Amino acid sequence: MQFKDYQNFHEMLRETIDRCGSFPAYRWFDENGNATSIDWNEFYDQVKTVSKSLIALGLERGDKVNILSYTCYKWVLTDVANMSMGIGTVGIYQSNLPKDCEYIINHSDSKVVFAENLTQLDKLFEIRDDIPEIKKVVLFNGEYKDDDWVITYDEFMALAKDVDDAAFEDNLKKVVATDTAGLVYTSGTTGVPKGVVLTHDNITSTCQSVTASGVFYDGEEMFVFLPLAHVFARTCCYACIKVGNRTSFARGIETLLEDFSLAQPHWFVSVPRVFEKIHSKIIGGVEAKGGVAEKLFNWACGVGAQVSELKVKKQPIPTMLGLKYKLATKLIFSKIHKALGGNVKWCISGAAPLNPEIARFFHAAGLLILEGIGMTENTSFSNVNRQDDYDFGVVGPPGEGLEHKIADDGEVLLKGRNVMKEYYKMPEQTQATFTEDGWLKTGDIGEIDEKNVLKITDRKKDLIITAGGKNIAPSRIEGIMATSMYLNQICIIGDKKKYLSAIVTLDEPNVTTYANSNNIKFDTFTDLMIHPKIKELVDSEIEKKNKELASFETLKRVEIVPE
């Protein structure tokens, strides 16, 4: 495909405004489920207002600002205005502790923080003396009248009246493709967090690659609930801007299923854990009913599995099987679709490996999960399965305009315009992340087949080597174990050991239901974690999953832990 060389993100945005002006752009819901929706023209008017308010605060091209908030409309609005003015957005997870916020605020050289609410503001007051460069805090929600360091979002937007349109237009012209659009900080699990510098060209080229790798129609809607501090969710929101799809925002994880019903999206993005939890909830509900309901469910799954296999192989579905599948959909699978709003045609799973059996289950039910892969350093996109060409257990071919290859040691290497500029103020770490000839080192171990499809087999640093010399990929085993409805999270242990062990946490709703159904007496969930009957349950689940593994991969010991 022919990529367009946008001068900056705003130029790409302006194309969509001109093409889709009166079409729906964004929607969000209040605590009662009432929706507010705006079109692209209204969105652009607000982008212009926020941009002028940034100028009024004294912010200039090249400056940075933080957004400390859960995913919401104001997050996207502020981010787009920042980029339009050449200001870099630096997201911070709303779950971060004050000291973690302090590091990112100071390391990124930010000058303003946009905070979600008074809870996040409390964190900033706790570290106020240690973030001296922050000149103003802007509250998305709520107000704080006792300190002029803090203003509301309405007060912030009112500042725009003192800035004329000429200043806005002048700033737009200065922003170029190589300017910093944002810093995205890695988790820091392997050291201090690193600030990935993403440019306007990184983002606009990624949007073109993403939209060329999928099929998007006018009038469709994307539902977002992942944190926008992570580049995965942001990239999908940017892609919606490129194609003109409306984005609806979840109110929070605790209202997720209700919000699906309100949004009724056509597509959404998620991480594997959400699909695992939905799967676990479905299986748990069926087993609790038992009897005819369970037999009917198992029959439907069997029919769906046959249809799924034929679809993957692109083979026709026999008439009788098709009729059975329609009945299975009406009786069973339609309930799953309804829970997700009723309109979902496909969704994307990323950020971690998805167990192929989970993907097959949903595909059998008529819900296509396209697994893909990306990393912060490549704007969260390198490979993805296509809607008309997919399989399970693989992450697909590279996106349009991107390249991949396997190094001599099995590591996946990437190249493309989506690859970061650098780690902010970390030249040595930047250099170490690239090969001498400029390929990005992903840290993933993988294989590329004859169709140019990538399969990830493990993380380079996560391979377990047992005392017997066996190389074991723990992520695959953890994925298999996580399909148990009674297990929540699992971590494999076994490097330099004679055998594999694991620590696990329990799925509280399903384990509680099991305990009640089997007359196991308890006062708190902690009582269940140490109850012999629950230990027997976990051991039996592990034993069932062990049958899917080679003998040297099986778990010999499991410890239940609270978190």
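Turning our attention to the overall build of the chain. Tallying secondary structure elements over the chain gives 19 helices and 25 strands in all. Computed over C-alpha atoms, the radius of gyration of the chain comes to 25 Å, within 12% of the 24 Å expected from 2.2 N^0.38 for 563 residues, which places it in the range of a compact globule. For the chain, with 563 residues in total, the buried portion stands at 55%. In the chain, once contacts between residues fewer than 6 apart in sequence are set aside, the share between residues at least 24 apart is 65%. Of the roughly 25400 Å² of accessible surface on the chain, a fraction of 51% belongs to carbon and sulfur atoms. Between the mean site of the 64 positive side-chain charges and the mean site of the 79 negative ones, the chain shows a separation of 5 Å.

One simple way to see leftover space: roll a probe sized like a water molecule over the atoms. What the second largest pocket holds in volume is close to 660 Å³. Along the wall of the second largest pocket there are 28 residues; nearest its centre are H279, I283, C301, E357 and F361. Every element with two or more residues in the lining of the second largest pocket is listed here: α11 (272-289), α12 (291-312), α14 (356-364) and α19 (532-546). At eight residues, the largest contribution of residues to the lining of the second largest pocket is made by α12. Of the residues assigned to the lining of the second largest pocket, the class counts are 12 nonpolar, five polar and 11 charged.

Here we come to the pattern of salt bridges. Tallying each qualifying case throughout the model produces 31 salt bridges. Residues R27 and E221 are paired through a salt bridge, measuring 2.7 Å at the closest nitrogen-oxygen approach. With R27 in strand β1 (residues 24-29) and E221 in strand β10 (residues 221-224), this pair connects stretches of sequence that are 194 residues apart. Each member of the pair R27 and E221 is classed as buried.

On the basis of which strands lie adjacent, the open sheet formed by eight strands has the order β2-β1-β11-β10-β12-β13-β14-β15 and mixed pairing. Edge positions in the sheet fall to β2 (35-39) and β15 (383-384), since each of these pairs with one other strand and no more. Sheet analysis places β10 next to strand β12 (residues 267-270), joined by two bridges and oriented parallel. Counted as the bridge partner of M222 is W267 from β12. Across the sheet, helix α3 (residues 73-84) is in contact with β1, β2 and β11 (246-249); its angle to β1 comes to roughly 140 degrees. Sitting on the sheet, helix α10 (residues 256-263) touches β1, β10, β11 and β12, and the angle it makes with β10 is about 165 degrees.

Time to look at a nonpolar patch on the surface. The grouping of L296, W299, L327 and L331 at the surface amounts to a nonpolar patch, some 310 Å² of accessible area in total. Elements that contribute at least two residues to the nonpolar patch include exactly α12 and α13 (319-339). On the secondary structure map, L327 appears in helix α13. Residue classification places L327 among the partly exposed positions, given a relative accessible area of 44%.

This brings us to empty space enclosed by the protein. Counted according to the given criterion, the structure contains three cavities of 30 Å³ or more. Roughly 60 Å³ of internal volume is contained in the largest cavity. Forming the boundary of the largest cavity are I373, G374, M375, N378, S382, V412, L414, T442, D444, L454 and I456. Elements that contribute at least two residues to the lining of the largest cavity include exactly β17 (411-415), β19 (440-448) and β20 (454-459). Partitioning the lining of the largest cavity into residue classes produces six nonpolar, four polar and one charged.

The rules behind these values
- Residues numbered from 1 in each chain as written.
- Predicted model: local features only at pLDDT ≥ 70, side-chain atom pairs only at ≥ 80, totals over all residues.
- Heavy atoms only, no water.
- Helix = DSSP H or I, 4+ residues; strand = E, 2+ residues; numbered from the N terminus.
- Rg over C-alpha atoms; globule rule 2.2 N^0.38 Å.
- Buried < 20%, exposed > 50% of the residue type's maximum accessible area, 1.4 Å probe, protein only.
- Contact = heavy atoms within 4.5 Å.
- Areas by Shrake-Rupley, 256 points an atom, 1.4 Å probe, with all protein chains shown as cover.
- Lys, Arg positive; Asp, Glu negative; His and termini not counted.
- Charge placed at Lys NZ, Arg CZ, Asp CG, Glu CD.
- 1 Å grid on protein atoms, 1.4 Å probe; cavity = no way out; pocket = protein on both sides within 12 Å on 5 of 7 lines; lining within 4 Å.
- Points joined across faces, edges and corners; volume = space filled by probe spheres on them.
- Nonpolar A, V, L, I, M, F, W, Y, C, P; charged D, E, K, R; others polar.
- Salt bridge = Lys/Arg side-chain N within 4 Å of Asp/Glu carboxyl O.
- Pairing = 2+ DSSP bridges.
- Axes fitted to C-alpha atoms, helices over the stretch in contact; angles between N-to-C directions.
- Patch = residues over 30% accessible without salt bridge, like charges linked within 9 Å, V, L, I, M, F, W, Y side chains within 5 Å.

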